[in-house]
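# Breakdown of the fold
Listed below are the residues making up each chain.
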Amino acid sequence: MLRKHQTLGEFIIENQASFKYSSGELSSLINSIRLAAKVVNYEVNKAGLVDILGAAGDTNVQGEDQQKLDVYANEKFIQTMTNRNIVCGIASEEEDHFIAINSQDENNQNKYVVLIDPLDGSSNIDVNVSVGTIFSIYRRVTPIGTPVTLDDFLQPGHLQVAAGYVVYGTSTMLVYTTGDGVNGFTLNPAIGTFYLSHPNMKFPEDGRIYSVNEGNYIHFPQGVKNYIKYCQMEEGDRPYTSRYIGSLVSDFHRNMIKGGIYIYPKSSLNSNGKLRLLYECNPMAFLAEQANGKASNGFQRILDIHPTELHERVPFICGSKNMVEKCEEFMRNAQ
């Protein structure tokens, strides 16, 4: 039963029986993500006061400039999950390879792997725009008690047991699903506790917001160009409103509440798209479907894609169901 103003801890305990695998480990894992999120939130909110702004001087495996907060958030999430002896492996968008973690308790070998984007939209930190953390959780497929392998991470998104994000904005929220709907929790910074503020979150079936980087319009496939023009036409309830923050978590969060579509297509600049399947698209697609939305690459359900690489990129269209289906129709017709 959902009660507003439940704490996240109370919610996890009361709803543990609804988890597909009710062993207590998944609950502990989500609690560890909650703890790391509070630590990162504290640093994000100090960003203008201490030397945490700007670039770290390195690039990640994606070839992107790492921000200082990228590095900090990555370390904190990995450290928290490792120290609590909950997971058997972690893959991060900021790391070249996955991290294998040996259980310290031979009688309770860990069963879960976590894939994480520690700080999505970090280039926005310097200009005080919302950023976020995205996480995805799977049960391992290799035998318990053996070291994890790449196969444990290269699972299609429909096998996720949990996924979620933290948005560090005007308020800090943790939104997650374990396959039984989507619930959002807002942090009370005075006492450091997350409270259930957005129970049973749902995408409206239709929306009036489209989120796409129109500066790259010239590089987009014809089907996406046609859909954007459709959004801008003065007809019926159109033109739609264009809203693009440049932080996937923030754009997704707004569209889920208000109704809208997010598009990051392939282009002549990025032939496979730019977003990572495992760290961004799969967890957001799982959340979207649990919240009555839809996610695809324009032609195929995101959660059905079988990944072949740890840092694989895919085109991503996600949001209100009717809007996504209309965009897919334009893409099919343009082939």
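You'll find the protein entered in an unreviewed UniProt entry as Fructose-1,6-bisphosphatase class 1, with Gelidibacter maritimus given as the organism. Of the protein, the UniProt comment under Catalytic activity (unreviewed entry) reads exactly: "beta-D-fructose 1,6-bisphosphate + H2O = beta-D-fructose 6-phosphate + phosphate". In UniProt, the protein has this text filed under Pathway (unreviewed entry): "Carbohydrate biosynthesis; Calvin cycle."

A separate point is the sheet that holds strand E14 (residues 293–296). Strand pairs in the sheet, formed through backbone hydrogen bonds, run parallel or antiparallel to each other. Spatially, the five strands line up as an open sheet ordered E12-E11-E13-E15-E14, and their pairing is mixed. Lying at the two open borders of the sheet, with one neighbouring strand each, are strand E12 (241–242) and E14. Examined bridge by bridge, strand E11 (residues 209–211) and strand E13 (residues 260–264) share three bridges and lie parallel to one another. Following the sheet pairing, Ile209 is matched in E13 by Gly260.

Here the focus is helix H7 (residues 321–333). Its 13 residues place the ends of H7 18 Å apart at the C-alpha level, agreeing with the 18 Å of an ideal helix rising 1.5 Å per residue. Those residues of H7 lying buried are Met323, Val324, Cys327, Glu328, Phe330 and Met331. What you see down the axis of H7 is that its buried residues fit within an arc of 160°, all on one side. Residues of H7 that are buried in the fold lie against E11, helix H4 (222–232), E13, E14 and strand E15 (316–320).

Another point: the nonpolar core. Core analysis: the biggest nonpolar cluster contains 39 residues, and Leu29, Phe77, Met81, Ile137, Tyr168 and Tyr176 have the highest contact counts within it. By residue number, the principal contributor to this core is helix H2 (residues 25–44), which donates eight residues. Not counting chain neighbours up to four residues away, the residues in contact with Ile137 comprise Leu26, Leu29, Ile30, Ile33, Tyr112, Val113, Val114, Gln160, Val161 and Ala162. Residues Val175, Ala288, Leu303 and Phe316 belong to the second largest nonpolar core, which totals 31 residues.

Attention now moves to the sheet that holds strand E3 (residues 87–92). Pairing within the open sheet is mixed, and its eight strands lie in the order E4-E3-E5-E6-E7-E8-E9-E10. One side of each edge strand has no neighbouring strand; the edge strands of this open sheet are strand E4 (99–100) and strand E10 (193–198). Sitting on the sheet, helix H6 (residues 277–290) is in contact with E3, strand E5 (112–120), strand E6 (131–139), strand E7 (162–168), strand E8 (172–177) and strand E9 (182–188), with an inclination near 80° to E6.

Before going further, it helps to examine the packing of helix H5 (residues 248–258) against H6. Taken N-terminus to C-terminus, the directions of H5 and H6 make an angle of 10°; their axes are 12 Å apart at the nearest point. By the angle between their directions, the pair H5 and H6 is classed as roughly parallel. Note on element contacts: H6 touches H5 through Glu280, Met284, Leu287 and Ala288, opposite Leu248, Val249 and Phe252. Class assignment for the residues of the contact of H5 with H6 results in six nonpolar, no polar and one charged.

Turning to the UniProt feature "binding site: Mg(2+) 1" (unreviewed entry) in the protein, a few remarks are in order. Cross-referencing UniProt, the feature "binding site: Mg(2+) 1" (unreviewed entry) maps to Glu93, Asp117 and Leu119 in the present numbering. Spanning 27 residues, the named residues nonetheless gather at one spot, since no C-alpha pair among them exceeds 9.2 Å. For Asp117, the residues in contact, after removing those within four places along its chain, are Glu93, Gly132, Thr133, Ile134, Tyr279 and Glu280. Leaving out residues up to four positions away in the same chain, Leu119 has contacts with Val40, Leu69, Asp70, Ala73, Ile125, Val131, Gly132 and Tyr168.

Procedures and definitions
- Going along each chain's sequence as written, the residues are numbered from 1 onward.
- For this predicted model, a pLDDT threshold of at least 70 governs which residues receive local features, and a threshold of 80 or more governs which side-chain atom pairs are given and counted, while totals over whole chains, interfaces and linings are taken from all residues.
- Excluding hydrogens and water, the side-chain values take into account all heavy atoms of the structure.
- UniProt positions are given in the numbering used here, feature names are shortened, and annotations may be inferred rather than shown by experiment.
- Two strands make a pair as long as DSSP finds a minimum of two bridges between them.
- Each helix is a run of DSSP H or I of at least 4 residues and each strand a run of E of at least 2, with the numbering of both proceeding from the N terminus.
- A helix's residues, less one, multiplied by 1.5 Å, set its expected span.
- Summary of the burial criterion: residues with accessible area below 20% of their type's maximum are buried, those above 50% are exposed, and those between are partly exposed, where the area comes from a 1.4 Å probe applied to protein chains only.
- The arc in question is the one traced by the directions running from the helix axis out to the C-beta atoms.
- The contact criterion used is simple: two residues touch if any of their non-hydrogen atoms lie within 4.5 Å.
- We define the nonpolar core as a collection of buried residues of types Ala, Val, Leu, Ile, Met, Phe, Trp, Tyr and Cys that are connected through side-chain atoms lying within 4.5 Å of one another.
- For helices, the fitted line uses only the C-alpha atoms of the stretch in contact; every axis is such a line through C-alpha atoms, and the angle between N-to-C directions lies from 0 to 180 degrees.
- Any angle between 65 and 115 degrees counts as roughly perpendicular, while under 35 counts as roughly parallel, over 145 as roughly antiparallel, and the rest as oblique.
- Residue classes follow a fixed rule: Ala, Val, Leu, Ile, Met, Phe, Trp, Tyr, Cys and Pro count as nonpolar, while Asp, Glu, Lys and Arg count as charged, and any other residue, Gly among them, counts as polar.

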